[in-house]
Amino acid sequence: MIVTLYYDDSRRCSSEDYPYKTIKVENVNHFWSNWYSEKELIRCDSEGRSRLEYLKKDRVIEIWIEEEE
């Protein structure tokens with residue numbers, strides 16, 4: 001499954017769509033258990049990235065969940 005987190009970035013002044021982070025998860029229940037944890041940040045790194053990335057949950061404005069092709 002692929003989860004796309006669109007977030008508000010006040011530093012970005014553009015007429016384009018909101019910035020986003022993509023997360024690959026094995027199932028949607030795993031994502032929601034991480035989302036509803038007490039932690040303020042959600043880990044957004046996926047396979048192939050060389051660094052860890054986190055996003056503050058309160059900045060997320062939209063969540064899209066879709067099947068991986």
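Because the structure is predicted, anything quoted here is derived from the model rather than measured.

Colleague: So what exactly am I meant to see when it comes to the side chain of Lys-21 here?
Modeller: Within the secondary structure layout, Lys-21 lies in strand S2 (residues 20–24). A distance of 3.4 Å separates polar atoms of two side chains, one belonging to Lys-21 and the other to Glu-53.

Colleague: Would you mind going over the side chain of Glu-53 with me for this structure?
Modeller: Relative to the elements of secondary structure, Glu-53 occurs in the loop between strand S3 (41–43) and strand S4 (54–56). Among the residues examined, Glu-53 registers a relative accessible area of 11% and is labelled buried. With residues near it in sequence (within four places) discarded, Glu-53 still touches Lys-21, Ile-42, Arg-43, Cys-44 and Asp-45.

Colleague: Got a minute to help me understand the sheet that holds S2 in this structure?
Modeller: Through backbone hydrogen bonds, the strands of a sheet pair up, either in parallel or in antiparallel fashion. In spatial order, the strands read S2-S1-S5; together these 3 strands make up an open sheet with antiparallel pairing. Two strands lie at the open edges of the sheet, namely S2 and strand S5 (60–66), each paired on one side alone. Neighbour to neighbour, the strand axes of the sheet diverge by 20° on average, direction disregarded. Across 5 bridges, strand S1 (residues 2–7) lies against S2 in antiparallel orientation. Residue pairing for S2: Val-3 is matched across the bridge by Ile-23. Packing of helix H1 (residues 28–35) onto the sheet brings it into contact with S1, S2 and S5, and relative to S5 it is tilted by some 160°.

Colleague: Got a minute to help me understand a nonpolar patch on the surface in this structure?
Modeller: On the surface, Leu-41, Leu-52 and Tyr-54 cluster together into a nonpolar patch covering about 310 Å² of accessible area. Inspection of the secondary structure puts Leu-52 in the loop between S3 and S4.

Colleague: Explain the pattern of salt bridges to me, please; I cannot follow it from the model alone.
Modeller: A side chain of one charge can pair with a side chain of the opposite charge when the charged atoms of the two come close. Per the stated rule, a full pass over the model turns up 3 salt bridges. Note that Glu-53 is salt-bridged to Lys-21, the shortest N-O span being 3.4 Å. Residue Glu-53 is found in the loop between S3 and S4, and its partner Lys-21 is found in strand S2; the two are separated by 32 residues along the sequence. Its relative accessible area of 19% is what places Lys-21 among the buried residues. With a closest N to O distance of 3.6 Å, Lys-56 and Glu-40 form a salt bridge. Residue Lys-56 is found in strand S4, and its partner Glu-40 is found in the loop between H1 and S3; the two are separated by 16 residues along the sequence. For Glu-40, a relative accessible area of 55% corresponds to the exposed category. A cluster of three or more residues bridged by salt bridges with shared partners is formed by Lys-21, Arg-51 and Glu-53.

Conventions used here
- Residues numbered from 1 in each chain as written.
- Predicted model: local features only at pLDDT ≥ 70, side-chain atom pairs only at ≥ 80, totals over all residues.
- Heavy atoms only, no water.
- Helix = DSSP H or I, 4+ residues; strand = E, 2+ residues; numbered from the N terminus.
- Polar contact = N/O pair within 3.5 Å; in protein donor to acceptor, adjacent residues only side chain to side chain.
- Buried < 20%, exposed > 50% of the residue type's maximum accessible area, 1.4 Å probe, protein only.
- Contact = heavy atoms within 4.5 Å.
- Pairing = 2+ DSSP bridges.
- Axes fitted to C-alpha atoms, helices over the stretch in contact; angles between N-to-C directions.
- Patch = residues over 30% accessible without salt bridge, like charges linked within 9 Å, V, L, I, M, F, W, Y side chains within 5 Å.
- Areas by Shrake-Rupley, 256 points an atom, 1.4 Å probe, with all protein chains shown as cover.
- Salt bridge = Lys/Arg side-chain N within 4 Å of Asp/Glu carboxyl O.

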